[in-house]
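Chains, contacts and geometry: an overview
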Amino acid sequence: MRSVVIAANWKMHTAPSDAGELAATIASRTRVDAPVERVICPPFVCLAAVRDALAGSGVAVGAQNVHHELSGAYTGEISAPMLAGLATWVIVGHSERRRDAGETDELIGRKLRRAIEAGLRPIVCVGEQLAERQAGRAAAVVRDQVHGILTAYGDATIGDPAADLDSAGVVVAYEPVWAIGTGRNATGADAAAMADTIRASIAETGLAELAGAAPVLYGGSVTAANIAEFLAEPGIDGALVGGASLKPDEMAGIVARAGLTAAARAGGAG
Ligand code: PGA
């Protein structure tokens, strides 16, 4: 049974002076009597404040990015070992980093490797552009992303890539680029179809266990008002939330709905 995950991506919002208070408010407003995994991913400079504010709350802390090398002459970058004690999760391959920092599937696969080596739970993001969807290529694009990332991961790995991936608690976020920050969300049915594509694509690389075990989240203009449409799909296991994740009311509604799904799954009802 896959766990239900609600991850907050705060992007370039909040500062060390206010992040802890917001995180604590969200933690207290999202307490539910069901096994929902809650994660807050603030900017790097807010990680310590958010970690302190969330101590004992059951809400985990994640970073929004990690470098693909362990150390070296990379001005302004943060490596996976540096996150020790600050974060237990990390987002890799967000489309805004593909867009702004030129991140490729190959680089994202190497970041995934570093995250897993460091014991961080990765949220790996994939998703198509609007023009790609309009051209009927959405599934092919996402399939190529999954293959590219996992191939690069395998190439960067000494030992057994499959064994490491199976035990790393990998989460995949399907985030259609045209839905991010636009208020224009995908439909639940489209997201579920892409979750199937993601699982099939993972299985094609030989990682059958990961394909079945990895939670697949939807991301892109998720709100308290539309979360139910996604969680009604058995193949969708939660959400990666951007804009709405800065609003405690929104997060309360999103996690409350996720609690229903988590409770139903725990009770064997689906
Ligand atoms: P959004 O962002 O919810 O603001 O669309 C989602 C994301 O980028 O992870």
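Preceding this paragraph is the structure being described.
Thresholds applied
- Residues numbered from 1 in each chain as written.
- Predicted model: local features only at pLDDT ≥ 70, side-chain atom pairs only at ≥ 80, totals over all residues.
- Heavy atoms only, no water.
- Pairing = 2+ DSSP bridges.
- Helix = DSSP H or I, 4+ residues; strand = E, 2+ residues; numbered from the N terminus.
- Axes fitted to C-alpha atoms, helices over the stretch in contact; angles between N-to-C directions.
- Expected span 1.5 Å × (residues − 1).
- Buried < 20%, exposed > 50% of the residue type's maximum accessible area, 1.4 Å probe, protein only.
- Near = heavy atom within 4 Å.
- Polar contact = N/O pair within 3.5 Å; in protein donor to acceptor, adjacent residues only side chain to side chain.
- Areas by Shrake-Rupley, 256 points an atom, 1.4 Å probe, with all protein chains shown as cover.
- 1 Å grid on protein atoms, 1.4 Å probe; cavity = no way out; pocket = protein on both sides within 12 Å on 5 of 7 lines; lining within 4 Å.
- Points joined across faces, edges and corners; volume = space filled by probe spheres on them.
- Nonpolar A, V, L, I, M, F, W, Y, C, P; charged D, E, K, R; others polar.

1. Focus: the sheet that holds strand S7 (residues 216-219)
Hydrogen bonds between backbone atoms are what pair the strands of a sheet, whose relative direction is either parallel or antiparallel. Spatially, eight strands are ordered S1-S2-S3-S4-S5-S6-S7-S8 in a closed barrel, and the strand pairing comes out parallel. Within the sheet, the average angular offset between the axes of one strand and its neighbour, ignoring direction, is 25°. When strand S1 (residues 4-9) meets strand S8 (residues 238-241), the two strands line up parallel, connected through four bridges. If you follow Ile6 over to S8, its bridge partner there is Ala239.

2. Some details on helix H4 (residues 105-117)
For H4, with 13 residues, the first-to-last C-alpha span of 18 Å sits near the 18 Å given by 1.5 Å per residue. Buried residues dominate H4, accounting for ten of its 13 residues. For H4, the full list of buried residues reads Asp105, Leu107, Ile108, Gly109, Lys111, Leu112, Arg113, Arg114, Ala115 and Ile116. Within two residues after H4, Gly119 carries a phi angle of roughly 80°, on the positive side.

3. A short note on the site of the ligand
Around the ligand sit 14 residues in total, of which Lys11, His94, Glu175, Gly181 and Ser221 are the nearest. Ser221 places a polar main-chain atom, nitrogen or oxygen, 2.7 Å from an oxygen atom of the ligand. A distance of 2.8 Å separates an oxygen atom of the ligand from a polar atom in the backbone of Gly243. Protein burial of the ligand: of its 280 Å² of free accessible surface, 95% is covered by the chains.

4. Let's talk about unusual backbone geometry
Despite not being glycine, Lys11 shows a phi value in the positive range, around 50°. Relative to the helices and strands, Lys11 resides in the loop between S1 and helix H1 (19-29). The phi angle at Thr14 is positive, at roughly 80°, despite the residue not being glycine. Mapped onto the secondary structure, Thr14 falls in the loop between S1 and H1. A relative accessible area of 27% means that Thr14 is categorised as partly exposed.

5. Thoughts on empty space enclosed by the protein
As enumerated under the stated definition, the model contains three cavities of 30 Å³ or more in all. Contributing to the lining of the largest cavity are Leu112, Val124, Val126, Val146, Ile149, Leu150, Leu165, Val170, Val172, Ile202 and Leu210. Secondary-structure elements contributing two or more residues to the lining of the largest cavity are strand S5 (121-126) and helix H6 (138-155). Ranked by the residues each element gives to the lining of the largest cavity, the list is headed by H6, at three residues. Estimated volume of the second largest cavity: approximately 40 Å³. Looking at the second largest cavity, the residues that line it are Ile26, Ala27, Thr30, Arg38, Val39, Ile40, Val59, Met251 and Val255. Where the lining of the second largest cavity is concerned, the elements lending two or more residues are H1, strand S2 (36-41) and helix H11 (248-266).

6. Details of the pairing of S5
The element S5 is largely enclosed, with a buried count of five among its six residues. Two elements, strand S4 (residues 89-92) and S5, share four bridges in a ladder whose sense is parallel. In the strand pairing of S5, Trp89 is matched with Arg121. As paired strands, S5 and strand S6 (residues 171-174) are joined by four bridges and run parallel to one another. For Val124, the partnering residue across the bridge sits in S6 and is Val172.

7. Some thoughts on the layout of surface pockets
The computed volume of the largest pocket comes to approximately 400 Å³. Lining the largest pocket are 15 residues; nearest its centre among them are Lys11, Met12, Gln64, Glu96 and Arg97. Among the residues forming the lining of the largest pocket, the class breakdown is six nonpolar, four polar and five charged.

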